[in-house]
Amino acid sequence: MSDLQERAQALDTADELAPLRGLFTLDDTVYLDGNSLGALPRHVPARLQEVLTREWGELRIRSWDESGWWTAPERIGDRIAPIVGAAPGQIVVGDSTSVNVFKAVVAASRLAPEGRDEILVDASTFPTDGYIAASAARMTGHRIVPVDPADVPGALGTRSAAVLLNHVDYRSGRLHDLPGLTAAVHAAGAVAVWDLCHSAGALPVGLDAHGVDLAVGCTYKYLNGGPGAPAYLYVAERHQAAFDSPLPGWTSHADPFAMTPGYAPADGAVRGRVGTPDILSMLALEASLDVWEGVRIDAVRAKSLALTDFFLECVTAYAPEGRVASVTPAAHAERGSQVALRCEDAEPVMRALIARGVVGDLRRPDVLRFGFTPLYVGFADAERAARVLADVLSGPAA
Ligand SMILES: *Cc1c(COP(=O)(O)O)cnc(C)c1O
């Protein structure tokens, strides 16, 4: 056994989160794509079977009430709340992240002081956020200002209405300064909207502590909710009374079953709902959140940083000189829970890696992305991934 293999073994032995791996359905591949689709917790299929057989199959319409279907969006929001540092009553689950970006950006522009006409958007954002923000801006008469997150403080001014930022960049894995940037947005009198897709479940977010106004995030990445699991919307309590949804569907009505022609918004997080909740996906998500029972997000963060440090160390030790270069910041304060390596022939390299049981992700044209999900990835996985990568990079196939 090499030095690094011995260290991996010792790190796994000392890891307090290691037992959680047993809660997931995994095989002997090294799964480093949990930041695209989290693994399946073992107990979820049985729970879904029960939902199908008992709640849908036998109780049918009664389940909206008797099985708690109707209130699932707020109930599950409250299960996500501690993971992102929010007090109960501020998060509602439903719709996709894309749809929630739309709700949040339009609502933010309506919360902002009168007469401001600019919406600042992370210039390197995940495409859907940029597309939707641009459409929202067209509809509300705002102008989009693309800006690198680090340059936000300098770009803010008296014309800034809202700012849409990513907590962690999906490509590079860069962690942005949520507390500092939120404070800068507030100092300029604007409204801060954060996208937590690549941070929730991987590191502390502190929505309440840092005074975030609105936030969105998806649940099928680090939260393991399953493919297409519904996203969530956070509206800080102080904004709820003024939150004016651009999609005021009937399930966000104060009295939905009165079926009145006029709209009157519900109080609280419910106001962020739109239409009938997607119950099957939602209840799969709810069950999957059981794995967080007793897990401290600080412990998750500590392990995530140790894993990405160790993986980078193994890559440096094993990989042929000059074949890959990390684009993920080395500083812990600027790193999410992934390592992105620039590699000229990333596409064939990732294909070869997957064929050899190391599943990462390709971000075209030249980025190899490895997501580290601390609940079920260990140090031996990191070492093996780096070893196989080095082997692929040295071989003729790539
Ligand atoms: C994954 C991700 C999305 C996904 O949006 P969907 O509507 O679920 O397809 C959006 N934004 C960011 C930043 C993401 O990382």
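Residue numbers here run from 1 along each chain, matching the order of that chain's written sequence. Per-residue local features are limited, in this predicted model, to residues with pLDDT of at least 70; the limit for side-chain atom pairs, both in listing and counting, is 80 or more; totals at the level of whole chains, interfaces and linings are taken over all residues. Only heavy atoms go into the side-chain values, all of them from the structure, while hydrogens and water stay out.

Enquirer: Mind showing me how you'd approach the nonpolar core here?
Expert: Among soluble globular proteins, nonpolar side chains are generally buried collectively. In this description, a nonpolar core means a group of buried Ala, Val, Leu, Ile, Met, Phe, Trp, Tyr and Cys residues linked to one another through side-chain atoms lying within 4.5 Å. Relative accessibility thresholds used throughout: buried, under 20% of the residue-type maximum; exposed, over 50%; partly exposed, between the two (1.4 Å probe, protein chains only). Core analysis: the biggest nonpolar cluster contains 87 residues, and V84, L196, W292, F311, L341, L368 and F370 have the highest contact counts within it. Each helix is a run of DSSP H or I of at least 4 residues and each strand a run of E of at least 2, with the numbering of both proceeding from the N terminus. Ranked by the residues each element gives to this core, the list is headed by helix α11 (residues 297-318), at 9 residues. Residues count as neighbours in contact if any of their non-hydrogen atoms are within 4.5 Å of one another. In this structure, L368 is in contact with V324, V339, A340, L341, C343, A346, V349, M350, D361 and L389, ignoring residues within four places of it in sequence. By size, the runner-up hydrophobic cluster in this structure holds 26 residues, among which are V101, V106, A107 and L111.

Enquirer: Honestly, the packing of aromatic side chains in this entry has me stumped. Any pointers?
Expert: Within a pair of aromatic rings, the relevant descriptors are the distance that separates the centres and the angle that separates the planes. Pairing of aromatic rings covers Phe, Tyr and the six-membered ring of Trp, with a centre-to-centre limit of 6.5 Å; geometry is then stacked below 30 degrees between planes, edge-to-face above 60, and tilted otherwise. In this structure the tally under the stated criterion is 10 aromatic pairs. Aromatic pair W250 and F257: ring centres 5.5 Å apart, planes at 90°, arrangement edge-to-face. The class of F257 is exposed, set by a relative accessible area of 54%. Note on F311 and F370: the rings are 5.2 Å apart at their centroids and 55° apart in plane angle, and the pair reads as tilted. Of this pair, F311 sits in helix α11 while F370 is found in strand β13 (residues 367-371), placing the two residues 59 residues apart along the sequence. We classify F311 as buried; its relative accessible area is 0%. One aromatic cluster is present, built from ring pairs that chain together W64, W69, W70, W250 and F257. The positively charged end of K221 is found above the aromatic ring belonging to F126, 5.4 Å away from the centroid. Taking the ring centre of W70 as reference, the NZ or CZ of R273 above it sits at 4.7 Å. Two thresholds decide whether a charge sits over a ring: the Lys NZ or Arg CZ must be within 6 Å of the ring centre and within 35 degrees of the ring normal.

Enquirer: I'm lost on the pairing of strand β7 (residues 214-217) in this one. Help?
Expert: Successive side chains on a regular strand alternate, one facing one side of the sheet and the next facing the other. Alternating positions in β7 separate into two faces, L214 and V216 on one and A215 and G217 on the other, with burial throughout. Criterion used throughout: strands pair if DSSP finds at least two bridges between them. Bridge count between strand β6 (residues 191-195) and β7: 3 bridges; the pairing is parallel. By the bridge assignment for β7, W194 is matched with A215. By the bridge criterion, 4 bridges tie β7 to strand β8 (residues 232-235) in an arrangement that is antiparallel. When the sheet's bridge partners are listed, V216 is paired in β8 with L233.

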